[in-house]
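Examining the three-dimensional arrangement
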Amino acid sequence: MSEALVALQDVTKIYPSGTRALDPVDLVVREGELLTLLGPSGCGKSTLLRLIAGLERPSSGAVWRPGEIGFVFQEATLMPWADVAANVSLPLRLQNVPEGELRRRRDEALALVGLEPFAKAFPRELSGGMRMRVSIARALVSRPKLLLMDEPFAAIDEIGRFRLNDDLLRLKAELATTIVFVTHSVYEAVYLATRIAVMAARPGRIVADVAIDQSFRRAPDARTSAAYLETYSRVSGLLAQAAEAAP
Amino acid sequence: MSEALVALQDVTKIYPSGTRALDPVDLVVREGELLTLLGPSGCGKSTLLRLIAGLERPSSGAVWRPGEIGFVFQEATLMPWADVAANVSLPLRLQNVPEGELRRRRDEALALVGLEPFAKAFPRELSGGMRMRVSIARALVSRPKLLLMDEPFAAIDEIGRFRLNDDLLRLKAELATTIVFVTHSVYEAVYLATRIAVMAARPGRIVADVAIDQSFRRAPDARTSAAYLETYSRVSGLLAQAAEAAP
Amino acid sequence: LDKVSFGTNWRAEAEHGGFYQALADGTYAKYGLDVTILQGGPQINNRLLLAAGRIDFDMGANMIQAFDSVAQNVPIVAVASMFQKDPFILMSHPNAGYDHFTDLPRATAFVGNDAFVTVYQWLKQTYGFSEDKVKIYTFNSAPFIADKNSIQQGYVTSEPYAIAHQAGFKPNVFLAADFGYQSYSTTIETRRDLIDKNPDLVRRFVEASIIGWYHYLYGDNAKANALIRADNPDITEDQLAYSIAALRKYGIADSGDALKLGIGAMTDARMKAFFAQMVAAKLFKPDLDYKRAYTLAFVDHGVGVGLRPK
Amino acid sequence: MKALRRAVPPVLAFIGFLVVWEAIVRAANIPPYILPPPSLIGTTLVADRAILLPALWVTLTITLEGLAAATLGGVLIAILFAQWRWLERAFLPFAVILQVTPIIAIAPLLLIYCTPATAVLLCAFLVAFFPILANTTLGLASAERNLRDLFTLYGASRWQTLWLLKAPAALPFFFAGLRIGGGLALIGAIAAELTAGTQGGRTGLAFRIVEAGYRLNIPRMFAALTLVALTGIAIYAALAVLSHWALRHWHESAAETP
Amino acid sequence: MKALRRAVPPVLAFIGFLVVWEAIVRAANIPPYILPPPSLIGTTLVADRAILLPALWVTLTITLEGLAAATLGGVLIAILFAQWRWLERAFLPFAVILQVTPIIAIAPLLLIYCTPATAVLLCAFLVAFFPILANTTLGLASAERNLRDLFTLYGASRWQTLWLLKAPAALPFFFAGLRIGGGLALIGAIAAELTAGTQGGRTGLAFRIVEAGYRLNIPRMFAALTLVALTGIAIYAALAVLSHWALRHWHESAAETP
Ligand SMILES: Nc1ncnc2c1ncn2[C@@H]1O[C@H](COP(=O)(O)OP(=O)(O)OP(=O)(O)O)[C@@H](O)[C@H]1O
Ligand SMILES: Nc1ncnc2c1ncn2[C@@H]1O[C@H](COP(=O)(O)OP(=O)(O)OP(=O)(O)O)[C@@H](O)[C@H]1O
Ligand SMILES: [Mg+2]
Ligand SMILES: [Mg+2]
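All figures in this text were calculated on a predicted structure; none of them were measured in a lab.

Regarding the overall build of chain D
Scanning chain D for helices and strands turns up 10 helices and zero strands. Each helix and strand of chain D, placed in order from N terminus to C terminus, yields the pattern α-α-α-α-α-α-α-α-α-α. Structurally, chain D occupies a C-alpha span of about 70 × 55 × 30 Å along its principal axes. Relative to its full complement of 258 residues, chain D shows a buried share of 62%. Counted over contacts in chain D with a minimum sequence separation of 6, partners at least 24 positions apart contribute 74%. For chain D, the exposed surface amounts to about 9900 Å²; the carbon and sulfur share of it is 74%.

With respect to the sheet that holds strand E7 (residues 134-136) of chain C
Within a sheet, neighbouring strands are paired by backbone hydrogen bonds and run either parallel or antiparallel to one another. Residue and element names in this part refer to chain C. The sheet built from five strands is open, its strands ordered E7-E6-E8-E5-E9 with mixed pairing. Pairing within the sheet leaves two strands with one partner each, and these edge strands are E7 and strand E9 (172-175). Ignoring strand direction, the axes of neighbouring strands in this sheet form an average angle of 30 degrees. Sheet analysis places strand E5 (residues 88-92) next to E9, joined by four bridges and oriented antiparallel. Looking across to E9, one finds that Leu90 is bridged to Phe174. Helix H6 (residues 119-127) rests against E5, strand E6 (108-111) and E7 of the sheet, and its axis sits at about 65 degrees to E5.

Focus: the sheet that holds strand E1 (residues 4-14) of chain A
Residues and elements named next belong to chain A. With respect to topology, three strands assemble into an open sheet ordered E2-E1-E4, the strand pairing being antiparallel. Edge positions in the sheet fall to strand E2 (20-30) and strand E4 (60-64), since each of these pairs with one other strand and no more. The average angle at which neighbouring strand axes cross in this sheet is 15 degrees, direction not considered. Across four bridges, the pairing between E1 and E4 is antiparallel. Bridge pairing in E4 links Ala7 to Trp64.

Details of the nonpolar core
Counting 331 residues, the largest nonpolar core has Ile196(A) and Ile196(B) as its most contacted members. Here this core takes 15 residues from helix H8 (residues 158-195) of chain D, the largest share from any one element. Discounting residues that sit within four places of it in the chain, Ile196(B) has contacts with Leu35(B), Thr36(B), Leu38(B), Ala189(B), Val190(B), Ala208(B), Asp209(B), Val210(B), Ile212(B) and Val235(B).

Observations regarding the coordination of the magnesium ion (ligand 3)
Every protein donor of the magnesium ion (ligand 3) is accounted for by Ser46(A) (OG) and Gln74(A) (OE1), and the metal-donor separations fall at 1.9 to 2.2 Å. Remark: Gln74(A) occurs in the loop between strand E5 (69-72) and helix H2 (84-94) and Ser46(A) occurs in helix H1 (residues 45-53); sequence separation between them is 28 residues.

Things to note about the site of ligand 1
Looking at ligand 1, there are 22 residues lining it, with Ser127(A), Gly129(A), Lys45(B), Ser46(B) and Thr47(B) nearest. More than one chain lines the surroundings of ligand 1; the residues nearby belong to chains A and B. A distance of 2.7 Å separates an oxygen atom of ligand 1 from a polar backbone atom of Gly42(B). When ligand 1 sits alone it has 630 Å² of accessible area, and the protein chains cover 93% of it. At the level of secondary structure, the elements contributing two or more residues to the shell around ligand 1 comprise helix H4 (128-141) of chain A together with helix H1 (45-53) of chain B. Across the shell around ligand 1, the residue classes break down as six nonpolar, 12 polar and four charged.

Structural notes on the packing of aromatic side chains
How two aromatic rings sit relative to each other is given by the distance of their centres and the angle of their planes. Per the stated rule, a full pass over the model turns up 58 aromatic pairs over all chains. Considering the side-chain rings of Tyr214(C) and Tyr218(C), the 6.4 Å spacing of their centres and the 35 degrees angle between planes classify their relative orientation as tilted. Separated by four residues within a single helix, Tyr214(C) and Tyr218(C) lie in helix H10 (residues 199-218), roughly one turn from each other. Residue classification places Tyr218(C) among the partly exposed residues on the basis of a relative accessible area of 28%. Over the ring of Tyr15(B) we find Lys13(B), and its NZ or CZ is 5.3 Å from the ring centre. A cation over a ring is seen here: Arg11(C) above Phe207(E), with NZ or CZ 4.0 Å from the ring centre.

Some words on the coordination of the magnesium ion (ligand 4)
At this site the magnesium ion (ligand 4) is bound by Ser46(B) (OG) and Gln74(B) (OE1), with donor distances of 1.9 to 2.2 Å. Classification of Ser46(B) by relative accessible area gives partly exposed; the value is 21%.

Section: the interface of chain D and chain C
Chain D puts 25 residues into the contact, and the matching count from chain C is 34 residues. Overall, the association of chain D and chain C removes approximately 2600 Å² of surface from exposure, summing both partners, and the carbon and sulfur fraction of that is 59%. For the interface between chain D and chain C, the tally reads zero salt bridges. Between the two partners, chain D and chain C, sit zero residue pairs in polar contact (both at pLDDT 80 or more). At the level of secondary structure, the elements contributing two or more residues to the side of chain D that touches chain C comprise helix H5 (103-113), H8 and helix H9 (205-214) of chain D.

Calculation rules
Residues numbered from 1 in each chain as written. Chains lettered and ligands numbered in written order. Predicted model: local features only at pLDDT ≥ 70, side-chain atom pairs only at ≥ 80, totals over all residues. Heavy atoms only, no water. Helix = DSSP H or I, 4+ residues; strand = E, 2+ residues; numbered from the N terminus. Buried < 20%, exposed > 50% of the residue type's maximum accessible area, 1.4 Å probe, protein only. Contact = heavy atoms within 4.5 Å. Areas by Shrake-Rupley, 256 points an atom, 1.4 Å probe, with all protein chains shown as cover. Pairing = 2+ DSSP bridges. Axes fitted to C-alpha atoms, helices over the stretch in contact; angles between N-to-C directions. Core = buried A, V, L, I, M, F, W, Y, C linked by side-chain atoms within 4.5 Å. Donors = N, O, S within 2.8 Å, 3.2 Å for Na, K, Ca; no water. Near = heavy atom within 4 Å. Polar contact = N/O pair within 3.5 Å; in protein donor to acceptor, adjacent residues only side chain to side chain. Nonpolar A, V, L, I, M, F, W, Y, C, P; charged D, E, K, R; others polar. Phe/Tyr/Trp six-rings, centres within 6.5 Å; stacked < 30°, edge-to-face > 60°. Lys NZ or Arg CZ within 6 Å of the ring centre and 35° of its normal. Buried area = accessible area lost by both parts, 1.4 Å probe. Salt bridge = Lys/Arg side-chain N within 4 Å of Asp/Glu carboxyl O.

Here you go:
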């Protein structure tokens, strides 16, 4: 079995407002995994990602994480004063990557999300989905060991989303990235994940943790194969249970 | 045939930055319709909604619209200094609705999106999906004649989304609301719409406008019925064509 | 030549004429001095620069400041007094019921901060002026002109001229000195250590200045006026002429003890009398060693007396 | 506990500053009429309290009145500007003129038409109002575009938009202006006292400072300056606390305790 | 065309103001030594240009130098404060003290240790720097939380965070402070000239104003005041244009042309 990259031990999170966002959570993410978090709105998925990234301190428990992390926030979180190109190349600039390589990798990332023509546009001149794609390009450009993605494709049309799903899988294979991925689309979760954690709300906790057999992906009609739809139903059921679990 | 509530005649939109967001668009929305806009990211869906609402002036052409409009923006757009209750009741306050009725309708709307326990919370204490639900509650609370919704459920889990889909259909019937709805989920579009307009990008335009036969909705297993899936495939195909149409 | 700097207490004007004269006609140079005159201004405190050793001499407005130095242990000493009479005046509107000095306490009084804590305290004590009547004077006479029932402080050499020219009436002028105000004015002050270390330098500066004053009052003062106007271009020839005439007419510089002892004269008797006035006005405690405020070592030698036209 | 810990740096800095000051004065043998040591200022403060405290009271009254007037005036004008943009275009130049006109020049004119008390208040007002006006105007224009659209959409009236949207959005800017204006009101009160005077008694701190300077009673001048400084800090701190309290729920800058 | 139309309200307001002023002075027969009519001020301005323009130049120089120093100083200190919060806690009180200390009190002290030119510059600096410091400090603390998180995540150094995140986010606040500081620098230059003096011939507008008031040459005083006012407006307008230009791509307040 591959090495553990992220580990949470007995982690809880209580916000200053008193909201118990996470009850004790134990979680290990291993190298090469693509773990998808599914759960009702407000169950603590974003909180969990922020804890993994170290952007939030656990109220109790301990977290281990690798050094290089890329993060696609739930909101695009772009610098309004910088154009698309500058926003995308930010992680490289922060790592003092030389200008030439920076340009190359930035343009690569822009191409991936189909935004080359908008390199000089400012965020407020972009549509919601385009902003989110900038954010995705920014996370990919630094080729991190661990990639945390919080509903990255929610604002993108189905066609573009399917394409980005496949691009993500290809990149993951190429760069040997480990990914933790939040989505509300069970279809997407099933299509991407090597493992799915289902969460329940109030207090947030993991109620199911299932490995996904991805053999169906090799079929030419992966998205309509019976195996795919069967897995979808199973995970949907778990999610429905989790939603009921909430008070 | 019912009366036209919204009409766009030869409407184009060119942003000051030079982007041609919409090529001449002709569109009529009749009372009682639920028109869904589908299209690739950046094709001008939000622009179209903003033009209908009168928040953007067309570069050419004319727009007719009714007086009362509710709008769920693509982003939650909450007042950060006001708690959830105050955010939701804003439209009523602006219409000088008496305090008692204001409270009643506000609590109703909060219940609809399942946020009663968070009435006193401030936006920054909410998860992304919860913020969006506040925004939906705010749009519904004023019972507008015309409801414009820009990807309202994108940030909400599948279970909650299905429930909200049904709530929306119920409300629409109750209040005789007309709805224009943007979504990236073809499933959702097919499930909700009486009519679907498919848009293509650069320049944005409507490339297909199909009426949806909603008889399948009466089946107990609507979301897995053959008719539903058949319609889904058809619209998916149109969308794929539209995506190809883009340069 | 010894480099020497001298700070005045206002923008260059005829009241500083003697010093500019000595500079302009080479008297200072003749006495081996290379003098720089630093003009003062409405909110400039050149005395502090003197105390701090940044300049060598300064022009004291009156003896009250000198007494204060003693009270505060500041080693500043008055070494000469160019004016025998303080040019401080009060003015009133003519024919408005304030034509006599005794009428003045009834009027609203525009008095500056400096005068308020000094001469006005004496006026209060001696003539019954009241603090409640006072409004502030910021060296702009418009409020006084606008209010017929008001009086205003001034210098005999300046304000009456400005008012006559701009407002078109000749105000009544009451020179405080003529009503018993005993302060010396336009003194030369320096630090005690300079007197101790280099009395000759002090003597030369004082005597050259005295000679400058004689020439300015009675001789050709064109070059001095040119210097004054260079430092303060706002002042007109007319104004200067008026001021010089007023200096002469009221005997501001050259009267009393100066007639015999020469310009710059100071006497123990007058100091004592003035100190008594100030004690009565509650400005100083009677036990103050006021004699430390001045020295007579450099004046009263009759320097320049011969320069006065007969 | 936390508040205590936060007070450590300023208190330390302050003590350090005073110690260095005292040491320099002693080492260089600087006479008190040039730069008095803190110890002497302290004793003067105590010895002259009968003179200084009433003066402080006078200055403080003018300051607070001036600040109140400036806040009211600045906010009111900012609101008018925000409601009718042509008003801003037409009258902002006048506001700038009022800001830059030296008090010393207009005080005599004010004295012709107003009582000294009014003139003083006007001067203090003039000095303090501009930052409040400028910052509030900026703040009122800084409401997020989407929220503005929302209000347009729901047919909000001018005044509803003002109270429910622009005003809250302007608060952080307003408070920043107020913190600047607080100090300026104090300066204004001092300048006003010197140029427009307070009737009769004339016993504000400004007068004490000038008198002490004029009479070379430098320790007393510094004692009075110390009171001015403390007043300034107290006003700033009070406004900072107020600002934090008003913004704590939502604005980034108030995320930490002040 | 649009710029022309935008200039209409201020120009109309101005002309209206001057007309009313002229009318009042004539109707009430106010003598020129109390309130000169605009026409007389205009002719004086032309007649006395040989005196007034060089004075304007002197004042303008001090103002711009003071503003430059204040901008540099204010921004620098704000940056230090933003980088090390304990520095802010420790030294903000000193900044407040510098703001509220009356120039009239410290100018003489400055003159002991500096040349008059330096002292004047210091005074202008002191008056103008606080709003820039205060607003910039606030701005640097106002970067959006999510963006701050992003920078933390990518291991941005202190200085990278400063230049790439905090500084741009602070710009709108900084410019607001700068616009306030511009006017204050002018006031500061005038106050400085009066208290620290421009000894040795360099006479700015402040002296012209005081001297003209002293000599009751009120028309000239108003002519000088007019120059001060115009300078103030010019500085404000220049800074407004600069601000608009720097923010036009992204900040709400710059959405419209100024
Ligand atoms: N304020 C603006 N200034 C300039 N260009 C803009 C502006 N808003 C939108 N655009 C451009 O107009 C086009 C359409 O944008 P719009 O937001 O309508 O797209 P959309 O269909 O809603 O996309 P999405 O699904 O990503 O939300 C895009 O190319 C975008 O870059
Ligand atoms: N800064 C905060 N302060 C207080 N409470 C918070 C804060 N952030 C999140 N919460 C609360 O913590 C809980 C979990 O929030 P989180 O954002 O992790 O949910 P989520 O699973 O990401 O939901 P969504 O799918 O809607 O994005 C919610 O109840 C929310 O109200
Ligand atoms: Mg979330
Ligand atoms: Mg959109």
